[in-house]
Amino acid sequence: MKEILIIYYSQTGQLTDILKNIASTICDEKVNVSYHEIVPKKKFPFPWQQEEFYGAFPETFLQISAPLEDFPSEILQKKYDLVILGYTTWYLTPSIPINSFLKSAEAKTLLAKTPILTVSASRNMWIMAQEKMKKLLVANNANLVGNIALVDKNINHISVITIVHWLMGGKKTKMLGIFPKPGVSDSEIEAASRFGAPIKEALLQNEYAHLQDNLLELGAVKVDPSLIATDIRGNMVFTKWANHLIKKEGDDRKKWLVFFKYYLLFAIWLIAPIVFIVFLLTYLPMYRKIQKDKAYYSSVALKQD
Ligand SMILES: Cc1cc2nc3c(=O)[nH]c(=O)nc-3n(C[C@H](O)[C@H](O)[C@H](O)COP(=O)(O)O)c2cc1C
């Protein structure tokens, strides 16, 4: 009997549905699938209020851990053949609950020398979060063997508008009845079951060398090259903001978080389109580098820096 553990954190249940659909085509009499939901001791709200949403930024981006509820001992005592780690991106970084887990002693116990498949469901800016994830997995001596990154496929700025409607309003519905539904589409969530077959094959043969290529053939990852530069630039600016905001306390922090909110709106609506135009203008001379980057960010390899 092969044992899979799915560890995840999902506020709205979108990622949970994706993980369950993937597992639905893996589990049978030869494969047992167990789930563990990460629960922070201090819950993050859903729907979000503005103050809490922006207030989560400094600790998320600086990857500061928050206390988590304990793992059941029966999970910690078992050795799993494969761990599927379901996470979402917050501020270009793995979310606080997932980051906290990856920095815990439990992660060392569960992940060391174990094949890991990451599954993310974000708006569309997940690339640098996955690079941070790769590093966290290396720190746990874990072996990343596959990655599935599902996103909202609508135009970038449309997805910015609709995600606010979803995360602040609490309902994954069509805003004003005319905007597309936010997040990963219902059909994509359902079709996530197709990823089960190559995962199961790799698990049963204990051979993961071709898993990511097989997942890529099924469309597990689509790197949008125009978002790579935005993500990298965003990380540079966020580093400055986060290091500044973390030093602020009380009303001073609240005041600076309001500035951060306006900066973020400015960056999304003005800087990101400029980065996009520069991307288009430099597309031909940069073509080879773009192809190289696409291949790298679709892979499970980690660049040495
Ligand atoms: C505080 C916060 C920050 C987020 N930042 C990003 C981001 O930087 N990039 C992105 O693609 N999605 C971002 N998202 C969207 C999430 O990745 C995710 O798709 C959404 O929260 C639904 O996840 P769930 O499964 O936990 O409900 C953010 C969400 C939250 C709550």
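Residues numbered from 1 in each chain as written. Predicted model: local features only at pLDDT ≥ 70, side-chain atom pairs only at ≥ 80, totals over all residues. Heavy atoms only, no water.

**Student:** Which parts of the structure should I look at to understand the packing of aromatic side chains?
**Tutor:** Each pair of aromatic rings is reported with the distance of its centres and the angle of its planes. Under the criterion given, the structure shown has 27 aromatic pairs. Arranged with centres 6.5 Å apart and planes meeting at 75°, the rings of Y54 and F260 form a pair that is edge-to-face. Remark: F260 occurs in helix α13 (residues 250-281) and Y54 occurs in helix α2 (residues 50-55); sequence separation between them is 206 residues. Residue classification places Y54 among the buried positions, given a relative accessible area of 11%. Judged by its relative accessible area of 0%, F260 falls in the buried class. Plain terms: the ring middles of F57 and Y91 are 5.1 Å apart, the flat faces sit at 75° to each other, and that makes the pair edge-to-face. (Phe/Tyr/Trp six-rings, centres within 6.5 Å; stacked < 30°, edge-to-face > 60°. Helix = DSSP H or I, 4+ residues; strand = E, 2+ residues; numbered from the N terminus. Buried < 20%, exposed > 50% of the residue type's maximum accessible area, 1.4 Å probe, protein only.)

**Student:** Explanation requested: the sheet that holds strand β1 (residues 2-8) in the structure shown.
**Tutor:** Strands belonging to one sheet form pairs held by backbone hydrogen bonds; the direction of such a pair is parallel or antiparallel. With parallel pairing, the five strands of this open sheet are ordered in space as β2-β1-β3-β6-β7. Bordering the open sheet on either side are β2 (31-37) and β7 (143-151), each of which pairs with just one other strand. The average angle at which neighbouring strand axes cross in this sheet is 20°, direction not considered. Direction of pairing for strand β3 (residues 82-87) relative to strand β6 (residues 115-122): parallel, over a ladder of five bridges. (Pairing = 2+ DSSP bridges. Axes fitted to C-alpha atoms, helices over the stretch in contact; angles between N-to-C directions.)

**Student:** Explain the packing of helix α12 (residues 225-245) against helix α14 (residues 287-298) here, please?
**Tutor:** Packed helices, taken two at a time, are described by the angle their axes make and the gap between the axes. Packing of α12 against α14 brings their axes to within 10 Å, and their N-to-C directions diverge by 80°. By the criterion of interaxial angle, the relationship of α12 to α14 is roughly perpendicular. For the pair α12 and α14, contact is made by P225, I228 and I232 and by I290, D293, K294 and Y297, respectively. When the residues that make up the contact of α12 with α14 are grouped by side-chain class, the tally is five nonpolar, no polar and two charged. (Parallel < 35°, antiparallel > 145°, perpendicular 65-115°, else oblique. Contact = heavy atoms within 4.5 Å. Nonpolar A, V, L, I, M, F, W, Y, C, P; charged D, E, K, R; others polar.)

No statement about biological role is implied by the geometric values presented.
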